[in-house]
Amino acid sequence: MSEPSDDALASRSGLPAEFLYLREDYPRDRWTALPEIAAFWLQMHAGFRGHQAYMDGLIGQWRESGDLQALHGQLVPALQSFLQHLDGHHRVESGQYFPMMRAIEPRIGPGIDLLDRDHDAIHVTLEAMFQTGLAFHQAVAGKAPDAPDRAQRLADLIESSARPLLRHLEDEEDIVIPLVQLRGLPA
Ligand SMILES: [Fe+2]
Ligand SMILES: [Fe+2]
């Protein structure tokens, strides 16, 4: 278990200044005609933001209606797909792209370390979401009396995990997109 630090995902409001030099050289307002891999990266992240917003919307509807069956029918498959895609995305990043980026731009190594730590932190949350989602599903399927309580726990977890996830997506983009544009990646 690593020590909590002031750049921890749960509390930071952006990348530490020493990791922002790539974005300073290639600021967001110039992220227009991007290399294919960078455009695809942003597209993937847009997908996760949309997916998070969709789940937040389902939870909001349920908080209004109290319709547990509707929540179950829509949120469980949405959560399954979210967990699967995000886990796969992080594996590819940490396993394939980040090592390449460290080699191309050693100066950003500590920034990549931070992103890898984010992945570890998010993974713990994804695991908790999986278990909490499974407990909700089983409670509804088994018509258990605590099903509303299980729904509440899942809803709270999904909502509270949004902020750190969105923080990670944005901070990762601030390193990865300029790096791909300015330094290139091997084919
Ligand atoms: Fe990531
Ligand atoms: Fe990512």
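Use the structure listed above.
Quick look at the structure, then. A quick note: this is a predicted structure, and the numbers were derived from the prediction, not measured. (Residues numbered from 1 in each chain as written. Chains lettered and ligands numbered in written order. Predicted model: local features only at pLDDT ≥ 70, side-chain atom pairs only at ≥ 80, totals over all residues. Heavy atoms only, no water.)

Some details on the side chain of H119
Defined as follows: Every helix listed is a DSSP run of H or I at least four residues long, and every strand listed is a run of E at least two residues long, numbered separately from the N terminus. Polar contact is the term for a pair of N or O atoms within 3.5 Å; when the atoms are in protein, one must be able to donate a hydrogen and the other to accept it, and sequence-neighboring residues count only if both atoms are side-chain atoms. Contacts: residue pairs with any heavy atoms within 4.5 Å of one another.
Relative to the helices and strands, H119 is located in helix 4 (residues 109-141). A polar contact is formed between the side chain of H119 and the side chain of E172, at a distance of 3.3 Å. Contact partners of H119, with chain neighbours within four places excluded, come to H90, E93, S94, F98, H168 and E172.

Notes on the packing of helix 2 (residues 36-65) against helix 3 (residues 68-104)
We apply this condition: Only C-alpha atoms enter the line fits that serve as axes; for helices the fit covers just the stretch in contact. Angles between N-to-C directions range over 0 to 180 degrees. By the definition adopted for this analysis, an angle is roughly parallel if under 35 degrees, roughly antiparallel if over 145, roughly perpendicular if from 65 to 115, and oblique otherwise. The hand of a helix crossing depends on one turn: near helix anticlockwise from the far one by less than a right angle means left-handed, and clockwise means right-handed. When residues are grouped by polarity, Ala, Val, Leu, Ile, Met, Phe, Trp, Tyr, Cys and Pro land in nonpolar, Asp, Glu, Lys and Arg in charged, and all others, Gly among them, in polar.
Interhelical geometry of helix 2 versus helix 3 gives an angle of 155 degrees and a closest axis separation of 10 Å. Of the possible angle classes, the one that applies to helix 2 and helix 3 is roughly antiparallel. Crossing handedness for the pair helix 2 and helix 3: left-handed. Residues belonging to the contact of helix 2 with helix 3 are distributed by class as follows: 19 nonpolar, eight polar and one charged.

Here we look at the environment of L126
Tracing the chain through its elements places L126 in helix 4. Once the C-alpha coordinates of L126 and D87 are considered, the two residues, 39 residues apart in sequence, prove to be 8.0 Å apart. With sequence-adjacent residues up to four places away left out, L126 is seen in contact with L83, L86 and D87.

Focus on the coordination of the iron ion (ligand 1)
Let me state the cut-off plainly: Note on donors: an N, O or S atom is included if it sits within 2.8 Å of the metal, or within 3.2 Å for Na, K and Ca, and water is never included, so sites can look incomplete. Note on classification: 1.4 Å probe, protein chains only; a residue is buried when its accessible area is under 20% of the maximum for its type, exposed when over 50%, partly exposed between these limits.
Distances from the iron ion (ligand 1) to its protein donors, E93 (OE), H119 (NE2), H168 (NE2) and E172 (OE), fall within 2.0 to 2.2 Å. Between the iron ion (ligand 1) and the iron ion (ligand 2), both coordinated by E93, there is a metal-metal distance of 3.2 Å. Of this pair, H119 sits in helix 4 while H168 is found in helix 5 (residues 147-183), placing the two residues 49 residues apart along the sequence. Per residue, the accessibility class of H119 equals that of H168, and both read buried.

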